[in-house]
Amino acid sequence: MQDIWVVAETNCGVLAGGTLELWGKARSLAQSCDGTVTAVLLGADVAPLAAQLAAYGADTVLLAQDPELAQYRTLPYTAVLTELIGARKPAIVLLGATSQGRDLAPRVAGRLRTGLTADCLELILDRDGLLVQTKPSYGDNVMVDIVIPEHRPQMATVRPHVFPLPEKQEGRSAKVEEVSVELEASDLTTRVREIIVEEQQASKLEEADVIVAGGRGMGSRENFALLEKLAHALGGVVGATRPPVDEGWIDAAYQIGQSGKTVAPKLFIACGISGAVQHTVGIEKSKVIVAINKDASAPIFNFATYGIVGDVRDVIPALLQELGASE
Amino acid sequence: MHIVVCIKQVPATLDVRVDPVTHNLIREGTESTINSFDAHALEEALRLCERFGGKVSVISMGPPQVKDALRKALAMGADEAYLLCDRALGGADTLATAYTLAKGIKRLLPPYDLILCGRHAVDADTGQVGPMLAEELGLPQVTMVKKLECDGKSAVAWRESAEGTAVWEVPLPAVITVGSEINTPRYPKPIGIMRAAKKPLTVWTAQDLDVDEDKIGLKGSPTRVARLFSPERVSHVEMLSGDPEVAAATLVRKLKGNKLLQVQGGC
């Protein structure tokens, strides 16, 4: 029987939104091998979150609490996690491929001298119960299946928002086990001086249901402002490809794609975006993609659900009109 | 200060495909370059050395042609370059790579004060070698750093976090991996390129590094590539024709049909 671990990520005492899908994935992996799902929850005062983890699918919650774990730091988190993994020997350990998970996972894998695959888009168990981890490479131009045949645990970080969010089963219970935390002075040399919360719309991009994004084809800062109106009318947020960021029409925090954010909205409207692979890697998980471009041969149309060949300066106002939003 | 910068040579274009028959990678062009994030790491190292004095060493693991990337780093202003090059090192995953780099870095003199890396390589996109290297060397790490202040003894690093930015204070030596926000890398000048030809570029084999054979190359790599394939991209686009007004009306109808519209009224 395989024990599958998921490392819960918290930020400011809240479970990280982009990592909750991991529970659903861990659950289905556990089902296919008659295994169990264990959550590892680290923090200062995080016990109340255990019930949520149970509701999302954890059978057991290992609770590691210590004031030194209040804010994420690589070394104390590594010490606690490697100790637990070493003692209990799970088959699989999953973390979100976030700024926290991608910092912590390689440090833990390095200390345990085991294998780790970054930024996975798919995880399945093969006939032998080996975890097949699919990761993108070369800017998502190539997919690679990676296995860890002999070392344990098999570790992976998983790209946020790739898997569907599991339904929360209120009242589902899990065994909560408090574990002891022993840290050495050498684990505590790094200090978090400050967390700067950037409460901007950009941080909502990754969780938005509707995104209206513009590319070079928007032509000017003034035209780019049209996107704001359309986003407002649709209850969505604005994003961009790299050229508008380089032109200074919008802040870099709104950039979607290989060097920006990966998004997975229900509706993605691509305006004046040609569809270079550097951008499309960031939008592939969108449910419905609408492309508006005056170049009928633009590659973005290969990715789109609906396409309109036309000038964004004509089509967006027509859309606003149709939506009952005056210009 | 002695700052060590880890560099990976990557293909100049990421426009690669998988041959559907042989399952080998088909690369468009054979040109290579320094991984862009590593160039930012080198730039940061050069700026720190300009302020505090000292030297910048660049180190890489790979086949002989990686010398081109190291020469370019020397032309940008690095003082010394080291290439860890041996058939026995081939097939290394991130763990074996970090182990081997650590072995090389431990040999550098004088002992390092700071190790800088790019936040990830643009080809494999793992971002794992930096933290694994820090572990091998027993050093603290800060990854995905977008701003760095350093007084020679400790560093303050602004790193990407879910909330926005986390500001970490870390004693040196440490391993710090940087993103593109941190600076704009300089271009090598003709005088730099001329000087680079005379700067030391040392090649070390596995034997020079005193490595444990079980920890290098394919043998030292826990991960195995089982399969390479192209992502599926089947176009199912439905083109909406007509004047902008007609197309817009059709689109709104389609989106309403898909329950994707919750119109929130005008501005």
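Participant: Explain the sheet that holds strand β11 (residues 164–171) of chain B here, please?
Facilitator: Working definition: the strands of a sheet are paired by backbone hydrogen bonds and lie parallel or antiparallel to each other. Read across the sheet, 10 strands follow the order β13(A)-β11(B)-β10(B)-β9(B)-β12(B)-β8(B)-β1(B)-β6(B)-β7(B)-β13(B) without closing on themselves; strand pairing throughout is mixed. The two strands at the open ends of the sheet, each matched to only one other strand, are β13 (191–197) of chain A together with β13 (201–204) of chain B. Strand-to-strand twist across the sheet, computed as the mean angle between neighbouring axes with direction ignored, equals 35°. The pairing of strand β1 (residues 2–6) of chain B with strand β6 (residues 55–61) of chain B spans five bridges and is classified as parallel. Each bridged residue has a counterpart across the sheet, and for C6 of chain B the counterpart in β6 of chain B is I59 of chain B. Against the sheet, helix α4 (residues 129–137) of chain B engages β1, β8 (114–118), β9 (141–150) and β12 (175–178) of chain B, with an angle of about 160° to β8 of chain B.

Participant: Sorry if this is basic, but what is going on with the packing of helix α4 (residues 101–112) of chain A against α4 of chain B here?
Facilitator: Between two packed helices, both the angle of their axes relative to each other and the distance between the axes serve to describe the pair. At their nearest, the axes of α4 of chain A and α4 of chain B sit 8 Å apart, and the two run at 45° to each other. By the angle between their directions, the pair α4 of chain A and α4 of chain B is classed as oblique. Crossing handedness for the pair α4 of chain A and α4 of chain B: right-handed. Here R102, D103, P106, R107, A109, G110 and R111 of chain A of α4 of chain A come into contact with α4 of chain B, specifically with P131, M132, A134 and E135 of chain B. Of the residues contributing to the contact of α4 of chain A with α4 of chain B, the split by class is five nonpolar, one polar and five charged.

Participant: Quick question: what am I supposed to make of the packing of aromatic side chains here?
Facilitator: Any aromatic ring pair is given by two values, namely how distant the centres are and how the planes are angled relative to each other. Evaluation of the coordinates by the stated rule reveals four aromatic pairs over all chains. Between Y72 of chain A and W168 of chain B the ring centres are 6.0 Å apart and the planes differ by 45°, which places this aromatic pair in the tilted class. Pair noted here: Y72 of chain A is in the loop between β5 (60–65) and α3 (74–88) and W168 of chain B is in strand β11, and the two residues belong to different chains. Taken individually, Y72 of chain A and W168 of chain B each receive the classification buried, so the pair is uniform in this respect. Seen from their ring centres, F224 of chain A and W249 of chain A are 5.9 Å apart, and the 45° between their planes marks the pair as tilted. One end of the pair, F224 of chain A, is in helix α5 (residues 221–234); the other, W249 of chain A, is in the loop between α6 (242–247) and β16 (267–271), and 25 residues separate them in sequence.

Participant: Honestly, empty space enclosed by the protein in this entry has me stumped. Any pointers?
Facilitator: Leftover empty space is mapped by rolling, across the atoms, a probe with the size of a water molecule. Under the counting rule described, the total for this entry stands at three cavities of 30 Å³ or more. Within this model, the largest cavity holds a volume of roughly 80 Å³. Surrounding the largest cavity, R102 of chain A together with R119, H120, T126, G127, P131, T143, M144 and T177 of chain B form its lining. Classifying every residue of the lining of the largest cavity by side-chain character gives two nonpolar, five polar and two charged. In this structure, the second largest cavity spans a volume of roughly 40 Å³. Lining the second largest cavity are V7, A8, E9, L95, G96, Q100, G101 and L104 of chain A.

Procedures and definitions
Residues numbered from 1 in each chain as written. Chains lettered and ligands numbered in written order. Predicted model: local features only at pLDDT ≥ 70, side-chain atom pairs only at ≥ 80, totals over all residues. Heavy atoms only, no water. Pairing = 2+ DSSP bridges. Helix = DSSP H or I, 4+ residues; strand = E, 2+ residues; numbered from the N terminus. Axes fitted to C-alpha atoms, helices over the stretch in contact; angles between N-to-C directions. Contact = heavy atoms within 4.5 Å. Parallel < 35°, antiparallel > 145°, perpendicular 65-115°, else oblique. Left-handed = near helix turned anticlockwise from the far one by under 90°. Nonpolar A, V, L, I, M, F, W, Y, C, P; charged D, E, K, R; others polar. Phe/Tyr/Trp six-rings, centres within 6.5 Å; stacked < 30°, edge-to-face > 60°. Buried < 20%, exposed > 50% of the residue type's maximum accessible area, 1.4 Å probe, protein only. 1 Å grid on protein atoms, 1.4 Å probe; cavity = no way out; pocket = protein on both sides within 12 Å on 5 of 7 lines; lining within 4 Å. Points joined across faces, edges and corners; volume = space filled by probe spheres on them.

Keep in mind these numbers describe shape, not what the thing actually does.
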